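# Structural description and commentary
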Amino acid sequence: MDHVLCGLAVNTALPSDLVDRLIGIADDDLAAELATRADLGGTQTAALAARGDEAAVRLAYAGRLTASDIDPLARPRAALALLAEGTGRPEWARLLASDPDAERRERLAACPDLPPDVTATLAADPEIRVVAELARWTTPDTAARLAEHPHAEVRCAVAANERTPPAVLAELAGPVGGEGLPPARRCSVCDREQTPFVHDPSCPRTDCDLPPGASCYGSHESTVRDTWQRAVRNPAAPVAALLHFAEHPSPVLRGALAARPDLPVHVCRRLAEDPVPGVRADLAENPAIDEALIRALATDPEHGVRRGLAHHPDVPLDVLTQLAGATRIGPVLLPRIAGASPAEVASLAASPVPGARMLVAARRDLPPEIRDALAADPDAKVVASVAPHPGLSDVRLRAMADRHGGRVVAGVAANPDAPPALLEDLALRRRAVRRALHEIAGHRNATARALLPCLADARARRVAAGHPALPERTIVELLEDADWQVVEAAAANPSLPSAVMSRLTSRAVAGVP
C-alpha cells in the first residue's frame, strides 16, 4: 500500500485533474480511498467503479451507483451492495443464489426483500452458514419454518432474528433448547468432531475455528446455550418464556435476563441477590427496577454494581449524589444528569459533594452563571469536567489551567472556544500534558506555533500532520515519516502545496517509487 497516494486520494484540496490521474493508476487500496471522495463527477465515478470490486462496492453503498451502472457478472460484490441497500434488481438475487462462491450466497442471504423463490433456494443451501445467515434476517414465516431446521446453528440464528414470531422464540428458549420442536440432529461441533467433545480453549490447531469451550455430548450443548442467550437478548421474545433463566447456572444467561427492560419486579428482586456482581451490575442499569430496588443496590459492596446504577435513567438525585461521593464514575454525561430539570441542575451544582458537581459539569448546556461557578470550583475534577464547555472566556480558561495545571489542561485544550494564544501557551509548557497535545493537534484554532510541539508526541503527531495550519515545509517533511499514519495524514492535509501534489501523482503515474 502506498500511504502517500492513499492520503492524497482523500485530500479535499486535490485538483480534479490529479484525481483523474490517480483513478487511472488505482489499485484496490487506492480505488477504495478515492471512492470516499464527495466531489467525484459522473465520469470519474464510472471510471473508478471500473477499477475494481472494492471501489465499486464503496460507491454502491454510498449511493453513487445505480442498478444500471452494475453488471452483476463482472461486479457481483457491488451488485450485492445494491441489493443490501434495497436498490438492486430481483434477477440479480436469482443469479447470485446459485453463485458457486458460498461467501456471496451468505451475503445475499442477509439482503432485505428477497423474492420468495430466492429465499427458498437459500433455505435449502448445502452450506449451513448460508442458511443460518438467512435465518438471522428473514421474514417471520421463513424464520418459523427454519426454527425446525435439523441443524442447531440455523435455530440459533432464528433466535437472534427480531422478526421471528414470539411463540417460536418461546419454544427456542425452552429448558431443553427447542421445546415443542423436533430435535436438532447436528451442530457445528459434531459436524467436525467425534462426540462427546469439548473444545480446548488452548487448542493448538491453526485450522480450527471452533470457539473456546464449544461442546457437544450428543445434545449440541454449547449451541443450545448460544440459542438461549440470543433468545434472551431478543426483544421480540416474550419475557414470560425467559423467566426460568433467573435460576440457570450460567451467569451469562442470568446477566442477559437482568438487562431486559420488560422484566417483572419479582424477578428483578431475585436477580438483585445474585451471587455474581456482573449480573447485579446488568440489573442496576435496567429501567425496569423500581426505586426501592435502586436504593437497595446503592449499598451493594461491588463498585461495578454501584457504577451501573449511576447509569440508570431514573436514579433519584439523592442516590446519585451518594454514589458520586463513593464510586468512581468519571466525568461522563449520565442519562439522569442529561434529563435533569433546571432546578435539579442548580441543586447538583451547589452540592457539597464534589463528585456530584463533576457529574453536572459534564453537561454542555449549562446556564452561564452555573458554568462559570463550576469553572471556579476548588476541586480539580469538577473543573476538568466543565473545562470543554462552550462559552468559557479566555480569562477563565487561563485561570483554570494556571490553578490546576496538568489535571485540567486537556479539558481546557478541548474547549472549542480556546483561543490560539492559549493553545500555544499550553503546547509550549515545559511539561506539556500528552492528552492536551492530542487535543491541540486537532483543534480548529491551533496555530503552527501550537502544532509544532505536538509533533514530538507520537499520538498527537498523527493528528497534527493533517492540520491545515501546519507549515507547508513541515507537511512535506512528514511525507517521509516512519509512521504510516503520519504519512497518510500529511498527504491528506489540504495545505500540502499543489506543486507537491502534482509531482507526487506524476511520479506515481510514471511508476517512480
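Calculation notes
- Residue positions are given per chain, counted from 1 along the sequence in the order it is written.
- Owing to the predicted nature of the model, reporting of local features is limited to residues with pLDDT of at least 70; listing and counting of side-chain atom pairs is limited to 80 or more, with chain, interface and lining totals taken over all residues.
- Excluding hydrogens and water, the side-chain figures rest on all heavy atoms present in the structure.
- Each helix is a run of DSSP H or I of at least 4 residues and each strand a run of E of at least 2, with the numbering of both proceeding from the N terminus.
- As used in this structure description, the phrase polar contact means that two N or O atoms lie within 3.5 Å; if the pair is within protein, one of them must be able to donate a hydrogen and the other to accept it, and residues adjacent in sequence are counted only when both atoms belong to side chains.
- The contact rule is simple, with two residues in contact once any of their heavy atoms fall within 4.5 Å.
- Only Phe, Tyr and Trp rings take part, Trp by its six-membered ring, and two of them pair if their centres are within 6.5 Å. Stacked means planes under 30 degrees apart, edge-to-face means over 60, and tilted covers everything else.
- Throughout this description, the term charge over a ring refers to an Arg CZ or Lys NZ atom that lies within 6 Å of the ring centre and within 35 degrees of the ring normal.
- Three labels apply to residues, based on accessible area from a 1.4 Å probe with only protein chains included: buried if under 20% of the type maximum, exposed if over 50%, partly exposed otherwise in between.
- Patch membership is restricted to residues that have no salt bridge and whose relative accessible area is over 30%. Joining uses 9 Å for like charges and 5 Å for the nonpolar side chains Val, Leu, Ile, Met, Phe, Trp and Tyr.
- Areas reported as accessible are Shrake-Rupley estimates using a 1.4 Å probe. Residue values count occlusion only from the protein chains shown.
- Salt bridge, as used here, is a side-chain nitrogen of Lys or Arg placed within 4 Å of a carboxyl oxygen of Asp or Glu.
- Only four residue types enter the charge count, namely Lys and Arg as positive and Asp and Glu as negative; His and the chain termini do not.
- We put the charge of a Lys on NZ, of an Arg on CZ, of an Asp on CG and of a Glu on CD.
- Fitted lines through C-alpha atoms give the axes, limited to the stretch in contact for helices. The angle between two N-to-C directions lies from 0 to 180 degrees.
- When describing relative orientation, an angle under 35 degrees is termed roughly parallel and one over 145 degrees roughly antiparallel, while 65 to 115 degrees is termed roughly perpendicular and anything else oblique.
- Here is the rule for handedness: rotate from the far helix to the near one, and if that takes an anticlockwise turn smaller than a right angle the crossing is left-handed, while a clockwise turn gives right-handed.
- Only Asp, Glu, Lys and Arg are considered charged in this grouping, and only Ala, Val, Leu, Ile, Met, Phe, Trp, Tyr, Cys and Pro are considered nonpolar; every other residue, Gly among them, is considered polar.

Along the chain, R260 falls in the loop between α15 (251-258) and α16 (265-271). Within polar-contact distance, the side chain of R260 engages the backbone oxygen of N234 at 2.8 Å. Separated by 2.8 Å, the side chain of R260 and the backbone oxygen of A237 make a polar contact. Setting aside residues up to four positions removed in sequence, R260 forms contacts with A231, V232, R233, N234, P235, A237, V239, L242, N286 and A288.

It is worth spelling out the packing of aromatic side chains at this point. For any pair of aromatic rings, the description consists of the separation of the ring centres together with the inter-plane angle of the planes. Counted under the stated rule, the structure contains one aromatic pair. Taking the ring centre of W137 as reference, the NZ or CZ of R136 above it sits at 4.3 Å.

This part covers helix α28 (residues 420-427). Taken together, the buried positions of α28 are occupied by L422, L423, E424, L426 and A427. In this structure, the buried side of α28 is in contact with α26 (394-404), α27 (409-413), α29 (434-441) and α30 (448-451).

The next thing to look at is a negative patch on the surface. Together, D2, D27, D28 and D29 make up a region of like negative charge exposed at the surface. Mapping D2 onto the fold places it in the segment before α1 (3-9).

Let us look at the pattern of salt bridges. The full count for this structure, using the stated rule, is 33 salt bridges. The residue D99 makes a salt bridge to R104 at a minimum N-O spacing of 3.3 Å. Take D99: its relative accessible area is 10%, and that puts it in the buried class. A salt bridge links R363 to D365; the shortest N-O distance between them is 2.9 Å. The exposure class of R363 is buried, given its relative accessible area of 10%. In this structure, a network of salt bridges that share partners links the residues E54, R58 and R77.

Time to look at the environment of T138. When you line up the elements, T138 lands in the loop between α10 (128-137) and α11 (140-146). Between the C-alpha atom of T138 and that of T119, which follows or precedes it by 19 residues, the distance is 8.2 Å. If we ignore the near neighbours within four places in the chain, the residues touching T138 are T119, A143, N161 and R163.

As a packed pair, helix α2 (residues 16-25) and helix α4 (residues 42-49) sit with axes 10 Å apart at the nearest point and diverge in direction by 15°. When the axis of α2 is compared with that of α4, the two are roughly parallel. Here α2 runs over α4; the crossing is left-handed. Across the interface between the two elements, S16, V19, D20 and I23 of α2 pack against Q44, A47 and L48 of α4. Looking at the contact of α2 with α4 residue by residue, the class counts come to four nonpolar, two polar and one charged.

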